[in-house]
Amino acid sequence: MNTSQPSQESLDRFLQANAELMRMGETFRGNIDVALDAFKIRMEAFLKSHFMEKAVAEMLAETFYEFERETRTNLDGIEKIYTEGGQWYAFCFGSALGRQVRPPGSAGPAQDVKAKTHSASG
């Protein structure tokens, strides 16, 4: 069994890849938020037009708001995962990735992060 430590170069590449992954998570979160907001603005304008039956417009609006709520809940969960990961990263490796970092778990009791899904039965 080989118990040799990884080289400093390998460790640096690993740390750089982790930092980049966390930045990508933040970027994707922002991009999805912007896309949802832009779609919502266009959809609301369309729903206010007189080219669609009122009942259909109400169904579409309710469906979109439900979709938006579930999507943002999942995005919040993803953000919590990479934020907590960044805190552990900084705690373990001494690099805060450009953020002020508190020790992991210091914000209060840990909360389970689960994807929000909508069941067809309810």
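A.B. asks: Which residues make up the overall build of the protein chain, and what are the values?
C.D. replies: Within the protein chain, the secondary structure is distributed over two helices and zero strands. Among the 122 residues that make up the protein chain, the fraction classed as buried is 20%. Across the protein chain, every contact between residues at least 6 apart in sequence was considered, and the portion connecting residues at least 24 apart equals 67%. Approximately 9500 Å² of the protein chain is accessible, and the part contributed by carbon and sulfur atoms is 60%.

A.B. asks: Explain the packing of aromatic side chains residue by residue, including any values.
C.D. replies: The geometry of an aromatic ring pair is captured by two quantities: the separation of the ring centres and the angle between the planes. For the structure on display, the rule yields three aromatic pairs. A ring pair is formed by Phe39 and Phe64, whose centres lie 5.3 Å apart and whose planes are at 50°; its orientation type is tilted. Separated by 25 residues along the polypeptide, Phe39 in helix H1 (residues 8-47) and Phe64 in helix H2 (residues 54-93) bring together distant segments of the chain. Phe39 sits in the partly exposed class, given a relative accessible area of 41%. Geometrically, the ring pair formed by Phe64 and Phe67 is tilted, given 6.4 Å between the ring centres and 50° between the ring planes.

A.B. asks: Describe the pattern of salt bridges, naming the residues involved and giving the relevant values.
C.D. replies: The full count for this structure, using the stated rule, is nine salt bridges. For Asp33, the salt bridge goes to Arg29, with nearest N and O atoms at 2.9 Å. In this pair, Asp33 and Arg29 both sit in helix H1, four residues apart, roughly one turn of the helix. Both residues of the pair, Asp33 and Arg29, belong to the buried class. By sharing partners, the salt bridges in this structure join Arg29, Asp33, Asp37, Lys40, Glu68, Arg72, Asp76 and Glu79 into a single network.

A.B. asks: Can you break down the nonpolar core residue by residue, with the values?
C.D. replies: Counting residues in hydrophobic clusters, the biggest one holds seven residues: Leu36, Met43, Leu47, Met52, Ala57, Ala61 and Phe64. Counting only elements with at least two residues in this core, the list comes to H1 and H2. Once residues lying within four places of it in the same chain are set aside, the contact partners of Ala57 are Leu47 and Met52.

A.B. asks: Please provide a residue-by-residue account of the environment of Met43, values included.
C.D. replies: Among the structural elements, Met43 can be located in helix H1. Its relative accessible area of 11% is what places Met43 among the buried residues. Distance in space between the C-alpha atoms of Met43 and Ala57 is 9.6 Å, their sequence separation being 14 residues. For Met43, the contacting residues outside a window of four places in its chain are Leu60, Ala61 and Phe64.

A.B. asks: I'd love a proper account of the confidence of the model for the protein chain, names of residues and values included.
C.D. replies: Note that predicted coordinates carrying low pLDDT should not be read in detail. Of all residues in the protein chain, 69% attain a pLDDT of 70 or more, and the chain-wide mean is 75. Below a pLDDT of 50 lies the segment residues 108-122, which in the model reaches eleven contacts outside its immediate sequence neighbourhood of four places, other chains included.

A.B. asks: Report on a nonpolar patch on the surface, specifying residues and quantitative values.
C.D. replies: A surface patch of nonpolar side chains, about 370 Å² in accessible area, is lined by Leu21, Met24, Phe28 and Ile32. On the secondary structure map, Ile32 appears in helix H1. The class for Ile32 is partly exposed, based on a relative accessible area of 36%.

A.B. asks: Can you lay out H1 for me, pointing to particular residues and giving the numbers?
C.D. replies: Between its first and last C-alpha atoms H1 spans 58 Å; for 40 residues at 1.5 Å apiece the expected length is 58 Å, and the two agree. Listed as buried for H1 are Leu15, Ala19, Met22, Gly25, Arg29, Asp33, Leu36, Met43 and Leu47.

Conventions and cut-offs
- Residues numbered from 1 in each chain as written.
- Predicted model: local features only at pLDDT ≥ 70, side-chain atom pairs only at ≥ 80, totals over all residues.
- Heavy atoms only, no water.
- Helix = DSSP H or I, 4+ residues; strand = E, 2+ residues; numbered from the N terminus.
- Buried < 20%, exposed > 50% of the residue type's maximum accessible area, 1.4 Å probe, protein only.
- Contact = heavy atoms within 4.5 Å.
- Areas by Shrake-Rupley, 256 points an atom, 1.4 Å probe, with all protein chains shown as cover.
- Phe/Tyr/Trp six-rings, centres within 6.5 Å; stacked < 30°, edge-to-face > 60°.
- Salt bridge = Lys/Arg side-chain N within 4 Å of Asp/Glu carboxyl O.
- Core = buried A, V, L, I, M, F, W, Y, C linked by side-chain atoms within 4.5 Å.
- pLDDT = per-residue confidence, 0-100.
- Patch = residues over 30% accessible without salt bridge, like charges linked within 9 Å, V, L, I, M, F, W, Y side chains within 5 Å.
- Expected span 1.5 Å × (residues − 1).

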